[in-house]
Amino acid sequence: MKKISLKKWSFAFAVVVCLLLASCIDGYHDDWTFSSGVTNKTLESPADSTIQILKNADGSKLLVSWPVVSGAKGYQVSVFNVDDPAHPVPVVDDPKKTVPIAYDSLFVDGCTFSCAYLKNTKYKIEIKALGNPKFSNKDADSATVVQFSTLLPAHAIIPDGTDLYTYFQSNAIPDSTKEVAYELMPYPATYTLSGPLDFQKHWIVLRGDKIHPPTITYTAAGRLMTTSGITIEYLNFDCSAITSTTSDGAFFSFSSTPDESLKGINSFYLVKSPKSVLISSCNFIKPLTTRFIYDNSKKYCIENLTVDNCIIPLGIIPTDGIIFFKAGYANNLYFTNNTLYGTASTAGYFLKYENSARPDRAGFVSASINLNNNTFYNVVNTGQMANYPAMSSVTVALTLSRNIFVNCGSGQVVRRLCVSSTNMVKTFNDNLYLFNGDAATTNTNEFVPTYGDKSGTGYSIDPLFKDPANGDFTIGAGATDVFTHASGDPRWLQLTQ
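Remember, predicted model here, so these are calculated numbers, not experimental data.

A.B. asks: Explain the sheet that holds strand β14 (residues 196-198) to me, using residue names and the numbers behind them.
C.D. replies: Sheet strands pair by backbone hydrogen bonding; their relative direction is either parallel or antiparallel. Sheet architecture is open: seven strands sit in the order β14-β17-β19-β22-β25-β28-β31, paired in parallel fashion. Since the sheet does not close on itself, it has two edges, and those belong to β14 and β31 (384-387), each with one partner. The pairing of strand β25 (residues 323-324) with strand β28 (residues 349-352) spans two bridges and is parallel. Of the residues in β28, the one forming a bridge with Phe324 is Lys352.

Put into structure tokens, the structure is as follows:
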């Protein structure tokens, strides 16, 4: 018997494998030599059950893949953001363009593509097999359509017209170490909150519709509370039945009966990462006449508290604070892309913590206060933007970036936020400060050498708000410096343009 050397055998095997692979993947490029064997056929698009959707390692992309359709030259792919089904928005960028441009559809010559991962977004993905004319194969008659969402799946959808207090009295929340989502119906759906709804230790997502948020109306007894992590998003609120004299009144508060298992250093009740408190994309249809956030006089320490993309009008409010921690504090506060405005001139505080609150009290090494891209107008006009004496520390970072402060905090915004000290680690970028139309007074109070905004990027001009009395803070076209610095809640810059 003639022996074949291992080297020659390996070479022969490799040739065979290459020939087989070429045959299998024919249909992607019509100039490849070997055919899949499929000819004169009308193709079928990939079955929806075979389409796989995953997130990439860094969480920035969705990766979509499907098996080969034999005889196909390629695939026509469309991906849309369908948060508003009546107005789908394409989200696929053409990778061949120097500047990415979103297209309704793209030709894909493989079995995979990627697109931007968008948080809390509903996608519609369409994939259509395209015939290879070289082998007389025709396009599929239709595309396969797959609906996909990056929203946390809802445990329950609560019907329109429900009193949320009675609903949760009758419907037990499942025990879970993960978030449990409850979804409300889109506008024109309305809901009431007639009593103290305390989620206690449950980690809850309470959300409405991203495009058409429903409204929750509080009665005088309405309260929304937790002793754990919570996300409140895509909802409108009417809390006007709760007056400024209500002792425990608040849009959102922490439970008056904390979960004792949370108790840590110095008896603080710790809400720690990955749990957090997030209030996002919520608007108030009537001026708020109570506190926005309140700790119910209990020693809570919230590691991460975020308020993002909200519009919050203020009426006559309690003088103890809009965000008021009487016994505790938020270790990291992120207040971003919001519009907070007073419909009346009041005293009081925008942000107040218990006097001794600082990061090490609850076992943290550092803390931060971050106000970025907000429009503040007539907020505690005769009061103070902050009061938290112990936060005057090198372990605390204060960041003010691209905010507009008009008629706020007695014209002493920076002084109060940095506790009249040079101890905090301070970062300032592109903030507008104006008090009662007097740029000179603003310059004296906000840019003082000892503790003021010394970044060289702060400025004082009239932003020419369109109609601040009625909550329209669209920037006037003549306020060019605001556009140059990109200051304030971004929605008002976009409306101008």
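A.B. asks: I'd like a description of the environment of Trp492, backed by residues and values.
C.D. replies: Within the secondary structure, Trp492 is located in helix α6 (residues 490-496). Look at Trp492 and you get buried, because its relative accessible area is 6%. Sequence separation of Trp492 and Thr339 is 153 residues, and the distance between their C-alpha atoms is 9.4 Å.

A.B. asks: An account of the confidence of the model for the protein is needed here, citing residue identities and associated values.
C.D. replies: Confidence along the protein averages 90 in pLDDT terms, with 89% of residues attaining 70 or more. Residue range residues 1-34 is modelled with pLDDT below 50. Its contacts to residues more than four positions away, or to other chains, number 33 contacts.

A.B. asks: Could you give an account of the pairing of strand β2 (residues 61-65), with specific residues and numbers?
C.D. replies: Side-chain positions along a regular strand alternate between the two faces of the sheet. Burial of the side chains of β2 is restricted to one face: Leu62 and Val64 are buried, whereas none of Lys61, Leu63 and Ser65 on the reverse face is. Across four bridges, the pairing between strand β1 (residues 52-55) and β2 is antiparallel. Across the sheet, Lys55 pairs through a bridge with Leu62, a residue of β2. Linking β1 to β2, which pair antiparallel, is a turn of five residues; within it Gly59 sits at a positive phi near 80 degrees. Note that β2 and strand β8 (residues 112-116) share five bridges and pair antiparallel. In the sheet register, Lys61 faces β8, and the bridge partner there is Ala116.

A.B. asks: Tell me about the nonpolar core, residues and numbers included.
C.D. replies: Counting 86 residues, the largest nonpolar core has Phe251, Phe292 and Phe350 as its most contacted members. Looking at which element gives the most residues to this core, the answer is strand β23 (residues 300-308), with five residues. Contacts of Phe350, omitting those with residues within four sequence positions, involve Ile322, Ile323, Phe335, Leu340, Leu371, Phe376, Val379, Val380, Gln384 and Met385. Among the nonpolar cores identified, the runner-up in size contains 24 residues, and Val64, Trp66, Val77 and Cys111 belong to it.

A.B. asks: So what about the pattern of salt bridges? Which residues, and what values?
C.D. replies: Taken as a whole, this structure holds 10 salt bridges when the rule is applied. Residues Arg402 and Asp430 are paired through a salt bridge, measuring 3.8 Å at the closest nitrogen-oxygen approach. Of the two residues, Arg402 is situated in the loop between β32 (396-401) and β33 (404-406) and Asp430 in the loop between β34 (425-429) and β35 (432-434); the sequence distance between them amounts to 28 residues.

A.B. asks: Any chance you could break down the packing of aromatic side chains for me, citing the residues and the numbers?
C.D. replies: Scanning the entire structure with this criterion turns up 34 aromatic pairs. Taking 6.2 Å as the distance between ring centres and 75 degrees as the angle between the ring planes, the aromatic pair formed by Tyr218 and Phe237 counts as edge-to-face. Taken as a pair, Tyr218 in strand β16 (residues 215-218) and Phe237 in strand β18 (residues 230-238) lie far apart in primary sequence, 19 residues in all. By the burial criterion, Tyr218 is buried, and Phe237 matches it. One aromatic cluster is present, formed by Phe252, Phe254, Phe268, Tyr269, Tyr300, Phe325, Tyr329, Tyr353 and Tyr388 through successive ring pairs. Geometry around Tyr117 places Lys55 over its ring, the cationic atom sitting 4.5 Å from the centre. In this structure, Arg291 packs its charged tip against the face of Tyr294, placed 4.3 Å from the ring centre.

The rules behind these values
- Residues numbered from 1 in each chain as written.
- Predicted model: local features only at pLDDT ≥ 70, side-chain atom pairs only at ≥ 80, totals over all residues.
- Heavy atoms only, no water.
- Pairing = 2+ DSSP bridges.
- Helix = DSSP H or I, 4+ residues; strand = E, 2+ residues; numbered from the N terminus.
- Buried < 20%, exposed > 50% of the residue type's maximum accessible area, 1.4 Å probe, protein only.
- pLDDT = per-residue confidence, 0-100.
- Contact = heavy atoms within 4.5 Å.
- Core = buried A, V, L, I, M, F, W, Y, C linked by side-chain atoms within 4.5 Å.
- Salt bridge = Lys/Arg side-chain N within 4 Å of Asp/Glu carboxyl O.
- Phe/Tyr/Trp six-rings, centres within 6.5 Å; stacked < 30°, edge-to-face > 60°.
- Lys NZ or Arg CZ within 6 Å of the ring centre and 35° of its normal.

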